[in-house]
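Residue-level listing of the chains:
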Amino acid sequence: MLQLATLNAASQAEFTALLDGVYEHSPWIATRAWSLRPFATLAALKHALVQTVRDAGHENQLGLMRAHPELAGKATVAGTLTAESTSEQSRAGLAHCTPEEFARITQLNATYTARFGWPFILAVRGPRGVGLSRAQILATLQRRVDHPADFEFAESLRQIHRIAELRLNDKLGFEPELGNTVWDWCEQLAAHSEPAWAEKGELTTTYLTGAHRACAADIAAWMRDCGFDSVEIDAVGNVVGVYHGPDPHAPRLLTGSHYDTVRNAGKYDGRIGAFIPMACVRALHRAGKRLPFGLEVVAFAEEEGQRYKATFLGSGALVGGFNPQWLEQRDKDGISMREAMRHAGLPAELSAIAALRRDPAQYLGFVEVHIEQGPVLNALDLPLGIVTSINASIRLVGEIIGMASHAGTTPMATRRDAACAAAELALFLERRAAADGDSVGTMGLLEVPGGSINVVPGRCRFSLDLRAPTNAQRDRLRDDVLTELAAVCQRRGLRYTVEETMREAAAPSAPDWQRRWEAAVAALGLPLHRLPSGAGHDAMKLHTALPQAMLFVRGENAGISHNPLESSTADDLDLACAAFNHLLEQLATS
């Protein structure tokens, strides 16, 4: 098996020959990357090859893309693919397509190549390295043929790098064992989805539903299998695992993330934040190793605020942030949170919930690993990023009340159209947020209750999600949007209601904990990239009581999240496990 030391000691010609086939018919990449030796880690080698392609310019990149064969194309049928491509396409069953599948792939390939000027490229071994199904490949081809050209150019290069990563793993005999474990847990947990969504093959797991409780049971069982010393489901449904140090009373490092989901969700949001430390504990336990401190991993029961207006419920309970009024909230079926808790076997008593509050003096700090949920790391071809701060945010829901009337008989000048007012507000929000640095604003929910094609909307419900790097910047954005809402409604003769449902302060990372993540990433041979988090996380709640810092893991498909296309590779997850282990080692030796 090829060794990294052999590559580091090789001449340029030897280096190029040893990496033959990693990039399809493109030995120039290895030739140019040779000068970047020595490579301290496999991750550093992979990054050097990626950076070589990034620096090569558009024409060389286009040539690399055109060096790839069509999937299930003429070369596949004729048996003239490279050995690497033959193996990969065979694993995906592309040499055994049905006549209907072959015809569909041929037609889509032709459309794709005519539109973009290069063949459709996909790492058919997939994020786990074991192969995509023909149905998955066809669905991806169908989706990507409609991408904008510049987006698809970048995506094709990312797929080429994934192909190269898997081929490098094969050459060096590397298996991302911890990453595979985390990836498998994410897949297995996604089997639990609420019935109406499961019927459509979609993932939805909201607070204390049957699917949510099944997730908790699985996580608890996996924690026990990992070797945690104690595992419990607490009074709000958090799954808590503790791996003691030699002294069970020693201070602990707290870590974790949430396991609930949005509706029609991805499989990795939140969940990898519990699974990565769980995989590390399993490795420690199997090695018979203890840390000089305790490690407490919490899979938080609720972060998304989907079933009830109670965002960060699970992590909030640990810092005394549970709002007693939440117990009386009712979901769309009229079930109160208190009733849902009792049905789940939880005490639904404020005293039990209050007892969950942690004593900061007993903890070293809080760290969280999370999929980025954005495009930055993906665009930079970096697997990991260090979070500098979590942006301040606020959510509001509102309703504009006008007057329903006949679409054909009501003159334009006399209409009280609630939907047009909401549209006007949405456009103002877009302009105002765009003019304000890193602020963002979204009207994600927009609904005309009981609307009809031939009726002027008399009511329109809407949401506002406003985020900014600082509390003051967020509040100025909110004030301007609400002022505009009032002005629009006054001008149009409408009424409105608006309710604030969530407010979270900005949460800058604790400098010493951020430096620990930086040291962990640097130890992997990767460049450091620091970035703020525009999304909210459980770390925002823990920030009120403990020093905190986060590590981001690259998301596939341009970092899309809260979406079935959300994805991560086992290799990236393995690097996150390695970074987490390094952080533990730093704490153990400090």
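Calculation rules
- Residues numbered from 1 in each chain as written.
- Predicted model: local features only at pLDDT ≥ 70, side-chain atom pairs only at ≥ 80, totals over all residues.
- Heavy atoms only, no water.
- Helix = DSSP H or I, 4+ residues; strand = E, 2+ residues; numbered from the N terminus.
- Rg over C-alpha atoms; globule rule 2.2 N^0.38 Å.
- Buried < 20%, exposed > 50% of the residue type's maximum accessible area, 1.4 Å probe, protein only.
- Contact = heavy atoms within 4.5 Å.
- Areas by Shrake-Rupley, 256 points an atom, 1.4 Å probe, with all protein chains shown as cover.
- Lys, Arg positive; Asp, Glu negative; His and termini not counted.
- Charge placed at Lys NZ, Arg CZ, Asp CG, Glu CD.
- Core = buried A, V, L, I, M, F, W, Y, C linked by side-chain atoms within 4.5 Å.
- Expected span 1.5 Å × (residues − 1).
- Pairing = 2+ DSSP bridges.
- Phe/Tyr/Trp six-rings, centres within 6.5 Å; stacked < 30°, edge-to-face > 60°.
- Lys NZ or Arg CZ within 6 Å of the ring centre and 35° of its normal.
- Salt bridge = Lys/Arg side-chain N within 4 Å of Asp/Glu carboxyl O.

Moving on to the overall build of the protein. Counting its regular elements, the protein contains 23 helices and 16 strands. Compactness check: the protein gives a C-alpha radius of gyration of 26 Å against a globular reference of 25 Å for 590 residues, within 12% of the reference. Seen through its C-alpha atoms, the protein measures out along the principal axes to roughly 75 × 70 × 45 Å. Within the protein, the fraction of its 590 residues that count as buried is 54%. Across the protein, the fraction of contacts at a sequence separation of at least 24, relative to all contacts at a separation of at least 6, is 77%. With an accessible surface of roughly 24,200 Å², the protein has 54% of that area assigned to carbon and sulfur atoms. For the protein, the distance from the average site of its 57 positive side-chain charges to the average site of its 68 negative ones is 3 Å.

Our focus in this paragraph is the nonpolar core. Generally speaking, nonpolar side chains in soluble globular proteins are found buried as a group. In this structure, Met278, Met337, Met341, Leu384 and Trp517 are the most contacted members of the largest nonpolar core, which totals 78 residues. Considering every element that reaches this core, the biggest residue donor is helix α23 (residues 570–589), with 10 residues. Ignoring anything within four residues of it in the chain, the contact list for Leu384 reads Leu377, Val521, Leu524, Leu526, Leu551, Phe552, Val553, Asp572, Leu575, Ala576 and Ala579. Residues Leu2, Val22, Phe39 and Val145 belong to the second largest nonpolar core, which totals 48 residues.

Counted at 1.5 Å a residue, the expected span for α23 with its 20 residues is 28 Å, and the 29 Å between its end C-alpha atoms agrees. Judged by how many residues are buried, α23 sits mostly within the fold: 14 of 20 residues are covered.

Below, the discussion takes up the pairing of strand β6 (residues 384–390). Buried residues dominate β6, accounting for 6 of its 7 residues. Across 3 bridges, the pairing between β6 and strand β16 (residues 548–553) is antiparallel. Of the residues in β16, the one forming a bridge with Gly385 is Phe552. Relative to strand β15 (residues 530–533), β6 runs parallel, the two being bridged by 3 bridges.

With respect to the helices and strands, the residue His68 is situated in the loop between α5 (58–66) and α6 (74–78). Those residues in contact with His68, other than ones at most four positions away along the chain, are Glu24, Pro119, Ile121, Ile160 and Ile163.

Glancing now at the packing of aromatic side chains. Scanning all chains against the criterion turns up 11 aromatic pairs. Between Phe322 and Trp326, the aromatic rings sit 5.2 Å apart at their centres with planes inclined by 85°, giving edge-to-face as the arrangement. On the basis of relative accessible area, Trp326 is assigned to the buried category, the value being 12%. A cation over an aromatic ring shows up here: Lys200 above the ring of Trp197, its NZ or CZ 4.3 Å from the ring centre. The side chain of Arg516 reaches across the aromatic face of Trp513, ending 4.4 Å from its centre.

Okay, the pattern of salt bridges next. Applying the stated criterion to the full structure yields 40 salt bridges. Notably, a salt bridge pairs Glu339 with Arg330, separated by 3.5 Å at the nearest N-O pair. The class of Arg330 is exposed, set by a relative accessible area of 52%. In this structure, Glu424 engages Arg491 in a salt bridge whose closest nitrogen and oxygen atoms are separated by 2.1 Å. In this pair, Glu424 sits in helix α19 (residues 418–434) while Arg491 sits in helix α20 (residues 471–492), placing the two residues 67 residues apart along the sequence. What makes Arg491 exposed here is its relative accessible area of 53%.

On the secondary structure map, Asn180 appears in helix α11 (residues 177–189). Here Asn180 is in contact with Arg128, Glu175 and Ala570, once residues within four sequence places are set aside.

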